[in-house]
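In case you want the letters, here they are:
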Amino acid sequence: MSRHDSQAEFPEGAATPLDGLSRRDFVTLLGASVALAGLSGCVRAPDREILPYVEAPGDVVPGKPLHYATSMTIDGYATGLIVESHEGRPTKVEGNPDHPASLGAAGILEQASVLQLYDPHRARVPRAGRRRATLDAARAALAPAALSRRIGARGAGLHVLLEPTGSPLVAELIARVRAQYPDAAVSFYAPLASAAPLEAARTLFRAALVPQYDFSKADVVVSLSADFLAAGPFRLRHAADFATRRSHAPAARLYVAETQPSPTSTLADRRIALAPSLIGRAATALFDAVAAASGDNGSSLGSATPDLPPAARAWVEAVARDLAANRGRSIVIAGPEQAAAVHTITYVLNSALGNVGQTTWFTASPLIEPGEPSHDLGMIAAKIQTNTDTLVILDVNVCYGAPADLDLERRIRSVPNAFYLGAYDDETARSSAWHVPASHYLELWGDARAYDGTVSLVQPLIAPLYESLSTAEVLAALAGLGVANVHDLLTQSDAARGGAAWEDVLRRGVIPGSELPRVIPAAPMAAATDALRSIASTAAADSIDIAFVRSATVHDGRFANNVWLQELPDPITKLTWDNAALVSPAFAASAHIGTGDVIRLTLDARSIEVPALVVVGHADGAVSLPIGYGRSGAEAAARGVGVNANVLRTVREPFAATGLRLTFTGRQRALATTQSHWDIEGRSKEILAGGEPFDVPDSVRSGNHRRPLTLYEPNAPSSTGFGADQWAMTIDLDLCTGCSACVVACQAENNVPTVGRKGVLESREMHWLRIDRYVDEASPDRVETQPMLCQHCEKAPCEYVCPVNATVHSDDGLNEMVYNRCVGTRFCSNNCPYKVRRFNWFDYNDELAETVRMAKNPSVTVRQRGVMEKCTFCVQRIRRAQIDAEEAGEPRTGPVVTACQQACPTHAIVFGSLTDPTSDVVRLARDPRAFSALEDLGTVPRVRYLRRRNDGNERREAENAR
């Protein structure tokens, strides 16, 4: 609210002291001012007569949230979600348990998407040239009556470009557009889309098939640069399935070959780091080794197989032995960025090992026109250049995301009538004649398909905040439907297709039984001969490789303006607010560079300058560069952050290339990494594994367990009321990938602020939950992670040093913070051995835009400057569950699910009451692998960790012992 608005916000005279004003009158006016300021809250009341909220809708109870099923699509594939809404205001995203892609979990992109809805930098009004326009004018410009005069009756000059999609509704609308304009072109593009898997399937099976996997049935999983637990359209399901087999005998064993460490490889039993050009050679060697074990040497290349380093050869031999011993119970998977030949080898290996029909199968691709020329960006660019009068780009920032060698920005500027539907005034918007804001998925009706083909609904939770349209609405205008009612189109279409009642589909968010049928094709070993020879013939001499990788936080750049994601530490590098050239320690030493040194990367005639980041476990002879940064649009948070890796990408080599040249510029750039911010003075081994760093006198031992010294009397918890529960948490480190979904879930649930790049550089990030990463430089191929949050110690060191009693212990075992008592001495932070308390250095919420305030959870206090913050075990959820149980007359509190637990795709986090002997938290706390972090200090934490198993051999020994 600006200062000059004060007269409109407060009653007359409230802002100006009057002479002779009595104390009582002053207090009266002050109270009125405060009351009205609170009521005006986020949204200014309209200057017109309004009607009172006399009768609320039957399903709306003030203070109680409602939950709706919807879907979010990324790269054309849907993930089912349940979104929490407070009086018509979406605030929290969770996974839909009924949806095959989420199974109740939600990743970092889904969790943070609610902040994108309220982003104040979203485009707000349509634009024609430099002038403001209206939605009606935009529809009129696309209507057949106006458009046919430019492109002819058959639409030869019309080109529609959109992101790949499987939406049945969009497919029907595209058919209508083609019926209206038979000669129009329709194309699809996404920066991270790879044609290689479909190309391999077409070569082998003569059909556009995509592989499906059931990791819950696989004893052995082999990943050739596939981050299947943290990336891809089925990542949440794959993580849940893999964790299921990992947790039960026989436990799955995971082998990974990759260039840079990934969340998937943190769970690897055996990992090897290879440059991108060596991944194909490893696939060839693995094929030969399996063929030899199968007695099918005629299909291998034998001596023609390219050489591998000794460590990689040993990895291949170990993998081949385990695969041969587990036929029909294994999976070999390649990353989507790998060449078609590598995918061909994995398909053939799975078939030869008897996995197809057991742990793997195929389905038709759920996307529209999969593998067709309409998905070929080179052909798309040629069409734009030659015979396009009207180009309609629907919600894909192609000027930024396309490889730079196509020069799409210049091509689009040359189109006489370029129309762009996009959420931001970004790079493509600035190259287009028309720009119409795109609706957020929480503002629109629609449908989509999951990776397995399941049809999912997209339903709005809020009316569009700005003047915006959806892709379906623009296609409807092109098809001559005018101002189409997408809801009506959707009800007719989905009801006819699904055969289920619309209300049931809307409630569940999916159409039951709509997944695509399974296909079990045959792929004999001999079918891989051409692929093997192509890999052998492309074996290059030693040179520097570069891999263009997906950003774990901002994806392909579409989330670059989301401050939650920019400030989220990368799961492996812990880098925030930047991208960097990732290199191995050995490579960095040979090139005489270190972390923060700005280097020039040159590929052919193109070059960029980017800081280096040394990463233990990275492959030698290679550089990895995340895409999604270096944005130049109007998004304030994204602009100027990092460098644009697309400058080096080409349409022929979009994901990896060789022949990179590296030059040190002599400059440096400080990188905002959090890896060393919470150093625990050399205690990392004890934190991670619960070890004993010093000798313990017999006098403080009890049996085989240490009895911590303490001056405290034992707690005497109440046996009635809230104190009947004693809350605790267990975290299984053998299931945690460090994906950070729990971190963003905690941030969204608990109104955790962001501090910006400068704040992170000063070690002032505010995350209540962090993911610690541990790497033993003696064994760099083993990366381990550990979520670290307030341990809710029974003997909490923070409590007895607080001079104002702001941090206290509750009857049910929570270490609580009383914010209005805290005066910010930070004694508690200094005394916390786990370094999990955060000090609010500034009033980070004071300057927030009004729309961003709408994302706040009303159940959690928004903290002001000068107080300590930390994990509360989502106390608001605990208290709500206790109140609900009391109202229902239940004898004890029902299950409570914390935000981090609910988001975790592998179910590594378990929360419950220690007074419930049947709870999972009690069972896991007694597991032989359970330990407490820094247990020698005698703090008695309520958080228990389960140690990582060392390797697959230990897993087999444990199973035999059972």
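Every residue gets a number counted from 1 within its own chain, in the order that chain's sequence is written. For a predicted model such as this one, the threshold for reporting local features is a pLDDT of at least 70, and the threshold for listing and counting side-chain atom pairs is 80 or more; totals across whole chains, interfaces and linings nevertheless cover every residue. Based on all heavy atoms of the structure, the side-chain values leave hydrogens and waters out of the count.

**Structural notes on the overall build of the protein**
And then number 1: When you go through the protein residue by residue, the secondary structure sums to 29 helices and 39 strands.
And then number 2: Summary of the burial criterion: residues with accessible area below 20% of their type's maximum are buried, those above 50% are exposed, and those between are partly exposed, where the area comes from a 1.4 Å probe applied to protein chains only. Per-residue burial over the protein gives 58% buried out of 962 residues.
And then number 3: Only heavy atoms enter the contact rule, under which two residues are in contact if any of them lie within 4.5 Å. Relative to all contacts within the protein whose residues are 6 or more apart in sequence, the contacts with residues 24 or more apart total 74%. Helix and strand definitions here come from DSSP, where helices need a minimum of 4 consecutive H or I residues and strands a minimum of 2 consecutive E residues; each element is numbered from the N-terminal end.

**Quick look at the sheet that holds strand β11 (residues 270–273)**
And then number 1: Strand order in this open sheet of 4 strands is β11-β10-β9-β12, and the pairing throughout is parallel. Every other strand in the sheet has two partners, leaving β11 and β12 (330–334) as the edge strands with one partner each. Each strand axis lies, on average, 5 degrees off the axis of its neighbour in the sheet, ignoring direction.
And then number 2: Strand pairing is assigned whenever DSSP detects at least two bridges linking the two strands. Here 5 bridges tie strand β9 (residues 220–224) to strand β10 (residues 253–258), and the two strands are oriented parallel to one another. The residue of β10 that forms the bridge with Ser223 is Val256. Each axis is a line fitted through C-alpha atoms, and for a helix only the stretch in contact is used; angles between axes span 0 to 180 degrees, taken between their N-to-C directions.

**What about the packing of aromatic side chains?**
And then number 1: Centres within 6.5 Å are what make two rings of Phe, Tyr or Trp a pair, Trp counting through its six-membered ring; a difference in plane orientation under 30 degrees is then read as stacked, over 60 as edge-to-face, and the rest as tilted. With the rule as written, the count across this model stands at 14 aromatic pairs.
And then number 2: With a centroid separation of 5.0 Å and an interplanar angle of 85 degrees, the aromatic rings of Phe839 and Trp841 are classed as edge-to-face.
And then number 3: Grouping aromatic residues by their ring pairs yields a cluster made of Tyr213, Phe215, Phe228 and Phe242.
And then number 4: It is Arg518 that lies over the ring of Trp361; its NZ or CZ is 3.6 Å from the centre.
And then number 5: When the ring centre of Phe839 is taken as reference, the NZ or CZ atom of Arg826 above it lies at 5.1 Å. Only when the NZ of Lys or the CZ of Arg is both within 6 Å of the ring centre and within 35 degrees of the ring normal is a charge said to sit over the ring.

**A few points about helix α12 (residues 377–387)**
Every α-helix winds through 3.6 residues per turn, so residues three or four apart in the chain are directed the same way.
And then number 1: Taken residue by residue, α12 has Leu377, Ile380, Ala381 and Ile384 as its buried positions. Projected down its long axis, α12 carries its buried residues within an arc of 100 degrees, all on one side.
And then number 2: Looking at the buried side of α12, the elements it contacts are β6 (158–162), β7 (185–188), β14 (390–394) and α14 (408–413).
And then number 3: We define a polar contact as two N or O atoms separated by no more than 3.5 Å, with the added condition that, inside protein, one atom must be a possible hydrogen donor and the other a possible acceptor, whereas residues neighbouring each other in sequence contribute only through side-chain atom pairs. The N-cap of α12, judged by a side-chain oxygen 2.9 Å from the amide nitrogen of Gly378 a few residues on, is Asp376. Read the arc as the range of directions from the helix axis to the C-beta atoms.

**Points about the nonpolar core**
And then number 1: Within the largest apolar cluster, 85 residues are counted, with the highest numbers of intra-cluster contacts made by Met729, Ile731, Leu789, Tyr834, Phe873 and Tyr945.
And then number 2: Among the elements that make up this core, the one with the highest residue count is helix α22 (residues 741–749) (7 residues).
And then number 3: If we skip the residues at most four places from it in the chain, Ile731 touches Pro787, Leu789, Ala908, Ile909, Val943, Arg944, Tyr945 and Leu946.
And then number 4: Leu204, Leu224, Ala340 and Tyr347 belong to the second largest nonpolar core, which has 46 residues in total. Put simply, a nonpolar core is a bunch of buried Ala, Val, Leu, Ile, Met, Phe, Trp, Tyr and Cys residues held in one set by side-chain atoms that sit within 4.5 Å of each other.

**Let's talk about the pattern of salt bridges**
Two side chains carrying opposite charge are able to pair once their charged atoms lie near each other.
And then number 1: Any Lys or Arg side-chain nitrogen found within 4 Å of a carboxyl oxygen on Asp or Glu counts as a salt bridge. Summed over all chains, the structure comprises 47 salt bridges.
And then number 2: Measuring nitrogen to oxygen at the nearest pair gives 3.0 Å for the salt bridge that ties Asp75 to Arg558. Taken as a pair, Asp75 in the loop between β1 (66–74) and β2 (77–86) and Arg558 in the loop between β19 (545–549) and α19 (563–567) lie far apart in primary sequence, 483 residues in all.
And then number 3: Judged by its relative accessible area of 16%, Asp75 is buried.
And then number 4: Taking the shortest distance from any N to any O, the salt bridge between Arg410 and Asp407 comes out at 2.7 Å.
And then number 5: Given a relative accessible area of 33%, Asp407 falls into the partly exposed group.
And then number 6: Through salt bridges with shared partners, one network takes in Asp75, Glu163, Asp556 and Arg558.

**As for the environment of Arg631**
And then number 1: Relative to the elements of secondary structure, Arg631 occurs in the loop between β24 (622–626) and β25 (656–658).
And then number 2: Once the C-alpha coordinates of Arg631 and Asn644 are considered, the two residues, 13 residues apart in sequence, prove to be 6.9 Å apart.
And then number 3: Those residues in contact with Arg631 that sit more than four places away from it in its chain are Asn397, Tyr400, Asp426, Glu427, Gly557, Ala560, Ala638, Arg639, Gly640 and Val641.
And then number 4: For Arg631, the side chain forms a polar contact with the side chain of Glu635, separated by 2.7 Å.

**Observations concerning the packing of helix α6 (residues 168–180) against helix α15 (residues 471–478)**
And then number 1: Two elements in contact, α6 and α15, have axes separated by 8 Å at closest approach and are oriented at 20 degrees. Taken together, α6 and α15 sit at an angle that is classed as roughly parallel. Between α6 and α15 the crossing geometry is left-handed. Taking contact as the criterion, the partners of Leu169, Val170, Leu173, Ile174, Val177 and Gln180 in α6 are, on α15, Ala472, Leu475, Ala476 and Leu478. Angles below 35 degrees are treated as roughly parallel, those above 145 as roughly antiparallel, those between 65 and 115 as roughly perpendicular, and all remaining angles as oblique. For a crossing to be left-handed, the near helix must be turned anticlockwise from the far one by less than a right angle; the clockwise case is right-handed.

**Re the sheet that holds β2**
And then number 1: Strand order in this open sheet of 3 strands is β1-β2-β3, and the pairing throughout is antiparallel. The sheet is open, and its two edges are formed by β1 and β3 (89–95), each paired on a single side. Taking the axes of each pair of neighbouring strands and ignoring which way they run, one obtains an average angle of 40 degrees across the sheet.
And then number 2: Of the strands in this sheet, β1, β2 and β3 are in contact with helix α3 (residues 108–117), which crosses β3 at around 170 degrees.

**Comments concerning empty space enclosed by the protein**
And then number 1: As defined here, a cavity is a set of points on a 1 Å grid over the protein atoms alone where a 1.4 Å probe fits but cannot get out. A pocket is an open set with protein on both sides within 12 Å along at least five of seven lines, and residues line them when an atom is within 4 Å of a point. Grid points are joined across faces, edges and corners, and a volume is the space filled by probe spheres set on the points. Scanning all chains against the criterion turns up 7 cavities of 30 Å³ or more.
And then number 2: In this structure, the largest cavity spans a volume of roughly 1,000 Å³.
And then number 3: Taken together, 48 residues make up the lining of the largest cavity; nearest its centre are Thr73, Glu163, Asp395, Ser439 and Arg558.
And then number 4: Looking at the lining of the largest cavity, the elements that each hand over two or more residues are β1, α3, α6, α13 (398–401), β15 (417–422), β17 (446–449) and α15.
And then number 5: Element by element, the count of residues in the lining of the largest cavity is highest for β1, at 4 residues.
And then number 6: Residue polarity is assigned by list, with Asp, Glu, Lys and Arg as charged and Ala, Val, Leu, Ile, Met, Phe, Trp, Tyr, Cys and Pro as nonpolar; anything else, Gly included, falls into the polar class. Of the residues contributing to the lining of the largest cavity, the split by class is 23 nonpolar, 16 polar and 9 charged.

**Description of the environment of Gly422**
And then number 1: For Gly422, the location among the structural elements is in strand β15.
And then number 2: Each C-alpha atom of the pair Gly422 and Ala123 lies 8.0 Å from the other, and the pair is 299 residues apart in sequence.
And then number 3: Non-local contacts of Gly422, meaning those with residues more than four positions away in its chain, are made with Asp395, His435, Val436, Pro437 and Ala438.

**Some remarks on the packing of helix α4 (residues 135–142) against helix α5 (residues 144–151)**
And then number 1: At their nearest, the axes of α4 and α5 sit 5 Å apart, and the two run at 45 degrees to each other. Viewed along their axes, α4 and α5 adopt a mutual orientation that is oblique. The segment α4 lies against α5, with Ala140, Ala141 and Leu142 engaging Pro144, Ala146 and Leu147.
And then number 2: In the contact of α4 with α5, the residues fall into 6 nonpolar, no polar and no charged.

**Observations regarding the side chain of Arg89**
And then number 1: Its location among the elements puts Arg89 in strand β3.
And then number 2: Lys and Arg are tallied as positive, Asp and Glu as negative. Neither His nor the chain termini are counted. For the buried residue Arg89, which engages in no salt bridge, the nearest side chain bearing the opposite charge is Glu87, 5.3 Å off.
And then number 3: Within the structure, the side chain of Arg89 is placed 2.9 Å from the backbone oxygen of Lys856, a separation counted as a polar contact.
And then number 4: Residues contacting Arg89, with those up to four places away along its chain left out, are Glu84, Tyr118, Arg853, Met854, Ala855, Lys856 and Pro858.

**Quick word on the environment of Asn485**
And then number 1: Assignment of secondary structure puts Asn485 in the loop between α15 and α16 (486–498).
And then number 2: Within polar-contact distance, the side chain of Asn485 engages the backbone nitrogen of His487 at 3.1 Å.

**Considerations on the confidence of the model for the protein**
And then number 1: pLDDT measures the predictor's confidence residue by residue and takes values from 0 up to 100. Taken residue by residue, the protein gives an average pLDDT of 84. The fraction at 70 or more is 85%.
And then number 2: Within the protein, no element has a lower average pLDDT than helix α1 (residues 6–9), which sits at 38, and none a higher one than α22, at 95.
And then number 3: Predicted confidence is poor over residues 691–704, with pLDDT under 50, and the contacts of this stretch with residues over four places away or in other chains come to 18 contacts.

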